[in-house]
Amino acid sequence: QVQLVESGGGLVQAGGALRLSCAASGGTFSSYDMGWFRQAPGKEREFVARISWSGAVTGYATSVKGRFTISRDGAKKMMYLQMNSLKPEDTAVYYCTAAPRGVANWGRSNKYWGQGTQVTVSS
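Remember, it's a predicted structure, so these values are computed and weren't measured experimentally. (Residues numbered from 1 in each chain as written. Predicted model: local features only at pLDDT ≥ 70, side-chain atom pairs only at ≥ 80, totals over all residues. Heavy atoms only, no water.)

A. Looking closely at empty space enclosed by the protein. Summed over the entire model, instances satisfying the criterion amount to one cavity of 30 Å³ or more. As for the largest cavity, its lining consists of V2, L4, A24, S25, G27, T28, F29, Y32, M34 and A98. At the level of secondary structure, the elements contributing two or more residues to the lining of the largest cavity comprise β3 (18-25) and β4 (32-39). Taken together, the residues of the lining of the largest cavity sort by class into seven nonpolar, three polar and no charged. (1 Å grid on protein atoms, 1.4 Å probe; cavity = no way out; pocket = protein on both sides within 12 Å on 5 of 7 lines; lining within 4 Å. Points joined across faces, edges and corners; volume = space filled by probe spheres on them. Helix = DSSP H or I, 4+ residues; strand = E, 2+ residues; numbered from the N terminus. Nonpolar A, V, L, I, M, F, W, Y, C, P; charged D, E, K, R; others polar.)

B. The arrangement of the state of the cysteines in detail. The final tally for this structure, using the stated rule, is one disulfide. The partner cysteine of C22 in its disulfide is C96, sulfur to sulfur 1.9 Å. One disulfide, between C22 and C96, carries an S-S torsion of -70° and so falls in the left-handed class. Placement of C22 in strand β3 and of C96 in strand β9 (residues 92-100) is noted, with a sequence separation of 74 residues between them. With respect to class, C22 is no different from C96; both count as buried. (Disulfide = S-S within 2.5 Å. Buried < 20%, exposed > 50% of the residue type's maximum accessible area, 1.4 Å probe, protein only.)

C. The packing of aromatic side chains, seen in detail. In the structure shown here, the tally under the stated rule is five aromatic pairs. Here the aromatic rings of Y32 and Y112 are separated by 5.9 Å at their centres, their planes lie at 80°, and the arrangement is edge-to-face. With Y32 in strand β4 and Y112 in strand β10 (residues 112-113), this residue pair connects regions lying 80 residues apart in the sequence. Between the aromatic rings of F47 and W106, the centroid separation amounts to 6.4 Å while the plane-to-plane angle is 90°, which identifies the pairing as edge-to-face. (Phe/Tyr/Trp six-rings, centres within 6.5 Å; stacked < 30°, edge-to-face > 60°.)

D. Seen up close, the environment of G9. Mapped onto the secondary structure, G9 falls in the loop between β1 (3-7) and β2 (10-13). Between the alpha carbons of G9 and L20 there is a distance of 6.2 Å; along the sequence they are 11 residues apart. Setting aside its immediate chain neighbours within four residues, G9 contacts L20, T117, Q118 and V119. (Contact = heavy atoms within 4.5 Å.)

E. Local environment of the environment of A92. Mapped onto the elements, A92 comes out in strand β9. A residue is classified by how much of its surface remains accessible, and A92, at 2% relative accessible area, is buried. Spatially, the C-alpha atom of A92 lies 13 Å from that of G8, the residues being 84 residues apart in sequence. When near neighbours in sequence (up to four residues on either side) are disregarded, A92 contacts R38, Q39, A40, T117, Q118 and V119.

Below, the structure written as structure tokens:
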């Protein structure tokens, strides 16, 4: 029912910045807890950041805390990930994800996922 489409990925030098966007449609935006995961070649998908249905509560992986900022805009049905001070180890496909508000064990088993956007950080 819910469709998620990421955009904003690209190639950037270490120390640079990118802003990822996730557009949602087909559901009630405020009814979903959302976030971002990433997956590098040969690696498992890993958690990056999450944001509650209201936008009031956020959380980050230790590896990105202080560098990345997650936000959402209910009026536009958009979620964002501002990525600053990028490092080569941030290189991955980044996925937008959502699950119904209040579900237990939010994460890899989420019901809704975007198709991903590639982020490449060069040395």
